[in-house]
Amino acid sequence: MRINFRVLVLLLVFSGLGIGAGFAGEKVWVGLYLAENAPPAKDALLAPEKLQHRLHVIFGFKHYQLIQAQEVELRDEWEQWFMPRKDFFLRVEPLRRQPGEPPCIYYEIYQDGFILAHGKYEPREGTPLFITGPYFHQGRLIFVLEAR
């Protein structure tokens, strides 16, 4: 009985320090926007005003239409895929971290089986990552990654 009590105390101490907690409850929102200067359709889902302004300052387009969105869980260290099309997709992999370290993810953008871009991102509230993609129709595709 005394050994079981010690094990219970150790489990409580380590869980309080965050060991084993990993990425529990942390998410990254991934959105794919089509940036264009031409007016979008009336039923198009546009970027929120604050995001629209930030995207305009960086990329210069007038309109940002949301094509697809998905939340990616960071609790596992397994790769996850965001696939708007079969030939164009984003791979996201949470990286291992020590307790107390901020989360970090590795991403790769593929088109036609080739890597267009890759990098690391530390998701923090208020600091989205904008990744420019290929030209599409009269505009450009843009990935937005944001902590949730």
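A brief look at the structure comes next. Being a predicted model, the structure only gives us computed values, none of them experimental.

**Describing the overall build of the chain**
No. 1: On a plain count of helices and strands, the chain comes out with two helices and eight strands.
No. 2: The N-to-C order of helical and strand elements in the chain reads α-β-α-β-β-β-β-β-β-β.
No. 3: For the chain, the accessible surface area stands at approximately 9600 Å², while carbon and sulfur atoms represent 57% of it.

**With respect to the environment of leucine 46**
No. 1: Relative to the helices and strands, leucine 46 is located in the loop between strand E1 (27–36) and helix H2 (49–59).
No. 2: Through-space distance from the C-alpha of leucine 46 to that of glutamine 65 is 4.4 Å; in sequence the pair is 19 residues apart.
No. 3: The residues contacting leucine 46, other than those within four sequence positions of it, are Pro40, Tyr64 and Gln65.

**A few points about the sheet that holds strand E8 (residues 139–147)**
No. 1: Pairing is antiparallel in the open sheet, where four strands are placed in the order E2-E1-E8-E7. Among the strands making up the open sheet, the edge pair consists of strand E2 (63–73) and strand E7 (129–136). Recorded for the sheet is a direction-independent mean angle of 20° between the axes of neighbouring strands.
No. 2: Bridging between E7 and E8 involves six bridges; their strand directions are antiparallel. Across the sheet, phenylalanine 136 pairs through a bridge with glycine 139, a residue of E8.
No. 3: Against the sheet, H2 contacts E1, E2, E7 and E8, and its axis sits at roughly 65° relative to E7.

**Structural notes on the sheet that holds strand E6 (residues 114–121)**
Pairing between the strands of a sheet is mediated by backbone hydrogen bonds and can be parallel or antiparallel.
No. 1: Within the open sheet, the four strands sit side by side as E3-E4-E5-E6. Their pairing is antiparallel. The open sheet has two edge strands with one neighbour each: strand E3 (80–85) and E6. Between one strand and the next, the sheet's axes are offset by a mean angle of 15°, whatever the strand orientation.

**Some points on the packing of aromatic side chains**
No. 1: Applying the stated criterion to the full structure yields six aromatic pairs.
No. 2: Judged by centre distance (6.4 Å) and plane angle (55°), the rings of tryptophan 29 and tyrosine 33 are tilted.
No. 3: Look at tryptophan 29 and you get buried, because its relative accessible area is 12%.
No. 4: Seen from their ring centres, phenylalanine 89 and tyrosine 110 are 5.1 Å apart, and the 20° between their planes marks the pair as stacked. Note that phenylalanine 89 is positioned in strand E4 (residues 88–94) and tyrosine 110 in strand E5 (residues 105–111), a separation of 21 residues in sequence. Assigned by exposure class, phenylalanine 89 and tyrosine 110 land together as buried.
No. 5: Stacked on the ring of tyrosine 135, the Lys or Arg arginine 140 has its end atom at 4.0 Å from the ring centre.

**Let's talk about the environment of leucine 66**
No. 1: Tracing the chain through its elements places leucine 66 in strand E2.
No. 2: Classification of leucine 66 as buried rests on a relative accessible area of 17%.
No. 3: Spatially, the C-alpha atom of leucine 66 lies 9.0 Å from that of alanine 35, the residues being 31 residues apart in sequence.
No. 4: Apart from the residues lying within four places of it in its own chain, the contact partners of leucine 66 are Trp29, Gly31, Leu32, Tyr33 and Leu45.

Conventions we followed
Residues numbered from 1 in each chain as written. Predicted model: local features only at pLDDT ≥ 70, side-chain atom pairs only at ≥ 80, totals over all residues. Heavy atoms only, no water. Helix = DSSP H or I, 4+ residues; strand = E, 2+ residues; numbered from the N terminus. Areas by Shrake-Rupley, 256 points an atom, 1.4 Å probe, with all protein chains shown as cover. Contact = heavy atoms within 4.5 Å. Pairing = 2+ DSSP bridges. Axes fitted to C-alpha atoms, helices over the stretch in contact; angles between N-to-C directions. Phe/Tyr/Trp six-rings, centres within 6.5 Å; stacked < 30°, edge-to-face > 60°. Buried < 20%, exposed > 50% of the residue type's maximum accessible area, 1.4 Å probe, protein only. Lys NZ or Arg CZ within 6 Å of the ring centre and 35° of its normal.

Function cannot be read off these values alone, since they describe shape.
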